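As a plain string of letters, each chain reads:
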Number of protein chains: 4
Amino acid sequence: MNILFFGDVVGKAGRQFLARRLGPLRREHGADLVVVNGENAAAGAGITPAVTQELLRLGVDVVTLGNHAWDRRDIQTYIDSEPRLLRPLNLPAGTPGFGSAVVNTAAGRAAVVCLHGRVFFPFHPDDPFRVVQSEVERLREITPVIVVDFHGEATSEKAALGYFLDGKVSAVVGTHTHVQTADERILPGGTAYITDVGMCGPQHSVIGMDVEQALQRFLTQLPVRLEVARGPAVLSAVVITVDPGTGKALGIRRILEHEQPDDPDNSD
Amino acid sequence: MNILFFGDVVGKAGRQFLARRLGPLRREHGADLVVVNGENAAAGAGITPAVTQELLRLGVDVVTLGNHAWDRRDIQTYIDSEPRLLRPLNLPAGTPGFGSAVVNTAAGRAAVVCLHGRVFFPFHPDDPFRVVQSEVERLREITPVIVVDFHGEATSEKAALGYFLDGKVSAVVGTHTHVQTADERILPGGTAYITDVGMCGPQHSVIGMDVEQALQRFLTQLPVRLEVARGPAVLSAVVITVDPGTGKALGIRRILEHEQPDDPDNSD
Amino acid sequence: MNILFFGDVVGKAGRQFLARRLGPLRREHGADLVVVNGENAAAGAGITPAVTQELLRLGVDVVTLGNHAWDRRDIQTYIDSEPRLLRPLNLPAGTPGFGSAVVNTAAGRAAVVCLHGRVFFPFHPDDPFRVVQSEVERLREITPVIVVDFHGEATSEKAALGYFLDGKVSAVVGTHTHVQTADERILPGGTAYITDVGMCGPQHSVIGMDVEQALQRFLTQLPVRLEVARGPAVLSAVVITVDPGTGKALGIRRILEHEQPDDPDNSD
Amino acid sequence: MNILFFGDVVGKAGRQFLARRLGPLRREHGADLVVVNGENAAAGAGITPAVTQELLRLGVDVVTLGNHAWDRRDIQTYIDSEPRLLRPLNLPAGTPGFGSAVVNTAAGRAAVVCLHGRVFFPFHPDDPFRVVQSEVERLREITPVIVVDFHGEATSEKAALGYFLDGKVSAVVGTHTHVQTADERILPGGTAYITDVGMCGPQHSVIGMDVEQALQRFLTQLPVRLEVARGPAVLSAVVITVDPGTGKALGIRRILEHEQPDDPDNSD
Ligand SMILES: [Fe+2]
Ligand SMILES: [Fe+2]
Ligand SMILES: [Fe+2]
Ligand SMILES: [Fe+2]
Ligand SMILES: [Fe+2]
Ligand SMILES: [Fe+2]
Ligand SMILES: [Fe+2]
Ligand SMILES: [Fe+2]
């Protein structure tokens, strides 16, 4: 089974480049499952019901979120109605929405888990290690193919979680930093791992946002408003090949595509 | 001018693999200047006078540090005597040691700056943007070839600093996360940039440290002691080509080498 | 000279109780100078030009701010026109507004400084120790009577700053935590000190905000909106007596008044 | 039932003043239960088995801890053998030691809970709200008299927890900041509350530690070693009167005593 996982989609620029490239990449890699982190899909901060549907219509199977999950208020009521939109699993009991999903793909069943780190965040998810452990036990009753989106800041926490789940899930794919790391590999127990898959958003930017505004924020320490940057986008993904019988990863490959400036569709 | 920049060297494992590969890589890339971040060179935490000298004897021109600069107490008195060992420039006035160095290479003069980020750190460096700005102005009187090691956690702060210095320095090379990023590029103004060059240390590890100990720390939240992991190392670097007349970067290439398990020298 | 310093005023509830009590307290204590921290005066978050004027019309001489200084956007343009409204002194060079003020009181000149801590804040003021040191040197050319509002979270940073300025200023009054501390005293060098003066806002509240909303925020980790709580207010202040010739503090006394529930003016 | 609760004891200075005053205060207030936070009792950082026994021999019934619980390594093995020494309840499952204790006093049974906050700490306890809720339910089967030591930094988290437990426990006593707050009161449901009881340690200090060393740490940002300050101590406590039949608090009073410089026993 081939799994195509796209990192944090930032704004319209990210969505448009994704829309154009998703079909060709799916065909090229024979993807059976497509996962997209959508926490920045709506103007760089959060996601709306309309944007969720837009992503799903492209052929995305599961949309994951992160610390920006609740940036748009209407998502709190909507999320219970859309099992393909995942908020982090390890939020307090009673949180609206779902933290994992099972998808019937042409190559068999696959589960996706959205998980959140605790290091350096100003809010307090539950222990990701213990919460994901029992969820993985539950999901393995259904399918051995399990992909975990681990949304975190600290490379140490992400690596530790990768090793913690090694041999128990098919892949641990880091998100949140918006910068792709070059450490994709298969861990000893057969779990594909990358610290961060990177983003789908404007190339010439500070993690997707306007360079000048981001700079002003650092220089002035004022609450400068940040808008999604303009110009051609980058698309960051990994394609993971999994043995559907055992759930072991057979391969992980990074994808990093740069939109060309004169691309006719870049009309953002 | 070719500049070879190695990321955070972790422990003996990192030092040994670096010792073996530095000569061949220097020759292969025709390196005129070699920079190594040594903040984890002594058993994973800090650096000692002896380890500093060991690195310099390998042919390293400048050793940079970061948040672990002062982990070993004797470094505070030693650092004033070794101008090739740099602590972050933007520490409070009166801090021992040097924050930049000028090296006479075969291809001309080059300056190296060690700079520290503020986001997510529990200590308080001065504003890296303003401090580096005036230092760069000063150094440009001496040479246009300036390499900045920006030791930081947040990808946003690192990207912003890259754009801030774009066109004013030859390269901004991120360190600290111990994971190489895949976003090396030349910014519009001619500055080579990478968010993090990655580490030189044990492959099978949590950012260089023992996997089981790191996991226990996350799982128990106890002050579990962390030791450098055992086994073959990874070596992370970038090679940057700079026009010595203008200081503009002409290219930046990532290097990522994996020590083989049966390598005879891996006797750690 | 008698100085009356009121802690963070929270919303209309805080403003109304202050309005009612300021005159009587001023007379009772023979106050020559009245300082109010107004960072939460506008609906609990930030301050507006209108609320600033409302406070000044009450007879407040200087309004100080803190981490909420910029919560209301129009304050950035307004603040340059009102020298009696102080934002923290140790913000980056170029920040709008003033960080200190000199007031001509009936008992002589007095200076007020607004200063911000760095520990536990997600933004990055400049080093408060060095910045306040040179400002105090400058102000002492004008008057020995200097009151510093130190807006900080960590008790260690606040105590350290108190000792740092001991003998150089008349008083260091902590703000920000909204809870009055019982450690008011004269330090050995003659500086009056209190870790936190406390707030002027609703009693039955979580630091001024609605109890149920605050609890929901902790329990759900969702971005629950916080409104100023209802009901009778508390008023927290200190009165400091200073020798106007030397600037030495002669006394510091805490004031903590509770509005009665059946108070006719409590119509919020 | 009268409960005497002393805040964080800092070093020998704190222990000695406590030793001298515990008996007289116990008699004066007719205390049936004595609780002491001992997280800084051993030279300012952590506690040892010997220091634990020293405190218990003074007549302390329960010693609570906080973020410094594990500063001394031998405590991890010792703590399982001493049910009167409490580490925070909301540490990960499997943590050594106990998070609560039940004491048979002359006035009936009383339970003590040690709980830890999450805001601003660099480690990750479990959710204090949910964890304490189920523990309180369990303890109320045994006794309605329950005292919670809430070790936290942020005043908002402490106040929220107070209201959360209001009517369910006899008292919520904050610790950790080492500065006594002046907000002691009985909450509407009958729970005694104070944001922080303050410390028992050297008066002339930065939260118990040497002023000059603490200042150097802030000024240099170097890892300056902190030692317990010298000189006369302060003793901070609350005495809480509880109806042993209902567990409702009838009163809470702050105690703040200053050791005299010429006190013969101050031989530290
Ligand atoms: Fe994120
Ligand atoms: Fe994101
Ligand atoms: Fe580092
Ligand atoms: Fe490092
Ligand atoms: Fe504040
Ligand atoms: Fe405030
Ligand atoms: Fe503590
Ligand atoms: Fe403490």
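Residue indices begin from 1 for each chain and proceed along its sequence in written order. Each chain gets a letter, beginning with A, and each ligand a number, beginning with 1, in the order they are written. Whole-chain, interface and lining totals are the exception, using all residues; otherwise, since this is a predicted model, local features are given only for residues with pLDDT of at least 70 and side-chain atom pairs are given and counted only at 80 or more. With hydrogens and water stripped out, all remaining heavy atoms of the structure feed into the side-chain values.

Draft legend 1. Expanded view of the relation of the copies chain D and chain A. Least-squares fitting of chain D to chain A yields an RMSD of 0.0 Å, with the superposition described by an axial translation of 0.0 Å and a rotation of 180 degrees. Interpreted geometrically, this transformation is the action of a two-fold axis. Considering only C-alpha atoms, the residue of chain D closest to the rotation axis is D126 of chain D, which sits at 3.4 Å. Superposition of the copies was done by least squares, using only C-alpha atoms of residues whose pLDDT is at least 70 in both.

Draft legend 2. Local environment of the UniProt feature "binding site: Fe cation 1" (unreviewed entry) in chain A. Residues and elements named next belong to chain A. Per the UniProt annotation, the sites labelled "binding site: Fe cation 1" (unreviewed entry) are D8, E39, N40 and H178. In three dimensions, the annotated residues from a span of 171 residues occupy one location, with a maximal C-alpha spread of 11.2 Å. Strands here mean DSSP runs of E at least two residues long; helices mean DSSP runs of H or I at least four residues long; both are numbered from the N terminus. Structurally, E39 is set in the loop between β2 (33-37) and α2 (49-57). Relative accessibility thresholds used throughout: buried, under 20% of the residue-type maximum; exposed, over 50%; partly exposed, between the two (1.4 Å probe, protein chains only). When its relative accessible area of 1% is taken as the criterion, E39 is described as buried. A contact between two residues is defined here by any heavy atoms of the two lying within 4.5 Å. Here E39 is in contact with D8, A45, G46, I47, T64, L65, G66, N67, H68, H151, H176 and H178, once residues within four sequence places are set aside. UniProt positions are given in the numbering used here, feature names are shortened, and annotations may be inferred rather than shown by experiment.

Draft legend 3. Highlighting the sheet that holds strand β7 (residues 146-151) of chain C. All names here are of chain C. We treat two strands as partners when DSSP finds at least two bridges between them. Strand order in the open sheet made by the six strands is β5-β6-β7-β8-β10-β9, with mixed pairing throughout. Each of the sheet's edge strands pairs with one partner strand only, and the pair in question is β5 (100-105) and β9 (185-186). When strand β8 (residues 171-175) meets strand β10 (residues 192-194), the two strands line up parallel, connected through three bridges. The residue bridging V173 from the neighbouring strand is I194, located in β10. Between the N-to-C directions of two axes lies an angle of 0 to 180 degrees, each axis being a line fitted to C-alpha atoms and, for a helix, fitted only over the stretch in contact. Docked against the sheet, helix α4 (residues 128-140) engages β5, β6 (108-116) and β7, running at close to 170 degrees with respect to β6.

Draft legend 4. How the structure looks around the packing of aromatic side chains. Classification of ring pairs rests on two measures: the distance between centres of Phe, Tyr or Trp rings, Trp counted by its six-membered ring, which must be within 6.5 Å, and the angle between planes, read as stacked under 30 degrees, edge-to-face over 60 and tilted in between. Enumeration according to the criterion identifies 14 aromatic pairs over all chains in this entry. Seen in terms of ring centroids, F121 of chain C and F123 of chain C are 6.1 Å apart; in terms of plane orientation they differ by 80 degrees. Their pairing is edge-to-face. Residue class for F121 of chain C comes out buried when judged on its relative accessible area of 10%. F123 of chain C sits in the buried class, given a relative accessible area of 17%. One aromatic cluster in this structure is built from F129 and F164 of chain A together with F218 of chain B. Its end group placed over the ring of F164 of chain B, K168 of chain B keeps NZ or CZ at 5.3 Å from the ring centre. Whether a charge lies above a ring is judged from NZ of Lys or CZ of Arg, which has to be within 6 Å of the ring centre and within 35 degrees of the ring normal.

Draft legend 5. Representation of the coordination of the iron ion (ligand 5) within the structure. Residues and elements named next belong to chain C. Coordination of the iron ion (ligand 5) by the protein comes from E39 (OE), N67 (OD1), H151 (NE2) and H176 (ND1), over a distance range of 2.1 to 2.2 Å. Only N, O and S atoms count as donors, using a 2.8 Å limit from the metal and a wider 3.2 Å limit for Na, K and Ca, and since water is excluded some coordination spheres may look unfilled. All geometry calls rest on donor angles, where a four-donor set with angles between 85 and 135 degrees is tetrahedral, four- and six-donor sets with opposite donors more than 155 degrees apart and all others between 65 and 115 are square planar and octahedral, and all else is irregular. Viewed at the metal, the four donor atoms of the iron ion (ligand 5) are separated by angles of 89 to 146 degrees, and the geometry they form is irregular. Read from N- to C-terminus, the donor residues coordinating the iron ion (ligand 5) fall into the pattern E-x27-N-x83-H-x24-H. In this structure the iron ion (ligand 6) is found 3.4 Å away from the iron ion (ligand 5), and E39 serves as a bridging donor for the pair. Highlighted residues: E39 in the loop between β2 (33-37) and α2 (49-57) and H176 in the loop between β8 and β9, separated in sequence by 137 residues. Here E39 and H176 have matching classes, each one buried.

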